[in-house]
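A look at the structure
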Amino acid sequence: QQFGPNEISRSDLPAWWRELLRQLAHPLALLLWLAGALAAVTSSYTLAIAIFVVILLNAGLAYAQEMQAEQATEALKRLLPSLARVRRSDAEAQVYASELVPGDVVLIGEGDRVSADSRLVRGTIELNMAPLTGESHTVVRTAHSRHSARPQRRARSPLECEDLVFAGTLC
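Grouped together as the largest cluster of nonpolar side chains are 10 residues: Val114, Leu120, Ile125, Leu127, Met129, Ala143, Leu164, Val165, Phe166 and Cys171. Mapped onto this core, the elements with two or more residues apiece are β5 (124-128) and β7 (164-165). In this structure, Ala84, Val86, Val95 and Leu100 belong to the second largest nonpolar core, which totals five residues.

Turning our attention to the environment of Ala130. Here Ala130 shows up in helix α4 (residues 130-133). On the accessibility criterion, Ala130 (29% relative accessible area) is partly exposed. Separated by 40 residues in the primary sequence, Ala130 and Leu170 have C-alpha atoms spaced 8.6 Å apart.

Attention shifts here to unusual backbone geometry. A positive phi angle, near 65°, is found at Ser43, a position not held by glycine. When you line up the elements, Ser43 lands in the loop between α2 (27-41) and α3 (45-79). Positive phi values are uncommon outside glycine, yet Asp90 reaches one of about 60°. Summarising the element assignment, Asp90 is placed in the loop between β1 (83-88) and β2 (91-96).

Turning our attention to a nonpolar patch on the surface. Taken together, Tyr45, Ile49, Val53 and Leu57 make up a surface patch of nonpolar side chains, about 410 Å² in accessible area. Tracing the backbone shows Val53 in helix α3. Its relative accessible area of 40% is what places Val53 among the partly exposed residues.

This next bit is on the packing of aromatic side chains. With the rule as written, the count across this model stands at one aromatic pair. With centroids separated by 5.4 Å and ring planes inclined at 35°, the aromatic side chains of Trp33 and Phe52 adopt a geometry described as tilted. Placement of Trp33 in helix α2 and of Phe52 in helix α3 is noted, with a sequence separation of 19 residues between them. Classification of Phe52 as partly exposed rests on a relative accessible area of 26%.

Let us now look at α2. Compared with the 21 Å implied by 1.5 Å per residue over 15 residues, the 21 Å span of α2 between its first and last C-alpha is a close match. Of all the residues in α2, the buried ones are Ala29, Gly36 and Ala39. The arc that holds every buried residue of α2, seen down its axis, measures 75°, which confines them to one face. Exposed residues lying more than 90 degrees from the buried face of α2 are Pro27, Leu31, Leu38 and Val41. Positive phi shows up at Ser43, right after α2, with a value of about 65°.

Glancing now at the pairing of β1. Across six bridges, β1 lies against β2 in antiparallel orientation. Bridge pairing in β2 links Val86 to Ala93. Between the antiparallel neighbours β1 and β2 lie two residues, among them Ser89 with a positive phi of about 55°. As paired strands, β1 and strand β3 (residues 105-107) are joined by three bridges and run antiparallel to one another. Among the inter-strand pairings, Arg87 is bridged to a residue of β3, identified as Val105.

So, how was this worked out
Residues numbered from 1 in each chain as written. Predicted model: local features only at pLDDT ≥ 70, side-chain atom pairs only at ≥ 80, totals over all residues. Heavy atoms only, no water. Core = buried A, V, L, I, M, F, W, Y, C linked by side-chain atoms within 4.5 Å. Buried < 20%, exposed > 50% of the residue type's maximum accessible area, 1.4 Å probe, protein only. Helix = DSSP H or I, 4+ residues; strand = E, 2+ residues; numbered from the N terminus. Patch = residues over 30% accessible without salt bridge, like charges linked within 9 Å, V, L, I, M, F, W, Y side chains within 5 Å. Areas by Shrake-Rupley, 256 points an atom, 1.4 Å probe, with all protein chains shown as cover. Salt bridge = Lys/Arg side-chain N within 4 Å of Asp/Glu carboxyl O. Phe/Tyr/Trp six-rings, centres within 6.5 Å; stacked < 30°, edge-to-face > 60°. Expected span 1.5 Å × (residues − 1). Arc of directions from axis to C-beta. Pairing = 2+ DSSP bridges.

Here it is in structure tokens:
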């Protein structure tokens with residue numbers, strides 16, 4: 001009840017024309033509209049047309065990129081397993097992945113698809129992170145890196161942290 005379901009939620013998408021209009025009214029686009037209007041007023045019609053074409057191209061590309069991101073999110077949502085094995089109150093149980101909460105100990109075995117972003121507390125596994133990174137090779141993740149005496153290099157992003165695993169990846 002406190003954290004809500006462990007699922008990728010999708011807000012209702014606005015109409016395509018409204019989303020495209022939002023791209024055309026972006027602050028930088030508004031500055032370009034003004035520059036294009038000033039170019040037209042000063043009889044620099046070629047420059048004005050070029051500016052307006054740039055505005056339209058930018059809006060179209062930004063719109064297409066947002067639609068691709070929505071499709072990628074939907075694809076990742078379809079990859080997530082519906083059930084997860086957890087250890088709760090010293091007993092192993094199988095629960096719906098949407099019912100996972102922070103603090104659950106998720107049990108991950110070979111062939112399992114990870115049902116939630118998690119931190120390894122014990123063991124070492126190999127993950128196929130292709131759904132997130134596109135890389136086809138496996139990545140080793142280990143809980144030992146957090147507890148080792150040797151200092152480790154600082155990860156540039158969460159994807160590089162040696163003890164983190166991510167929803168949708170395959171063990």
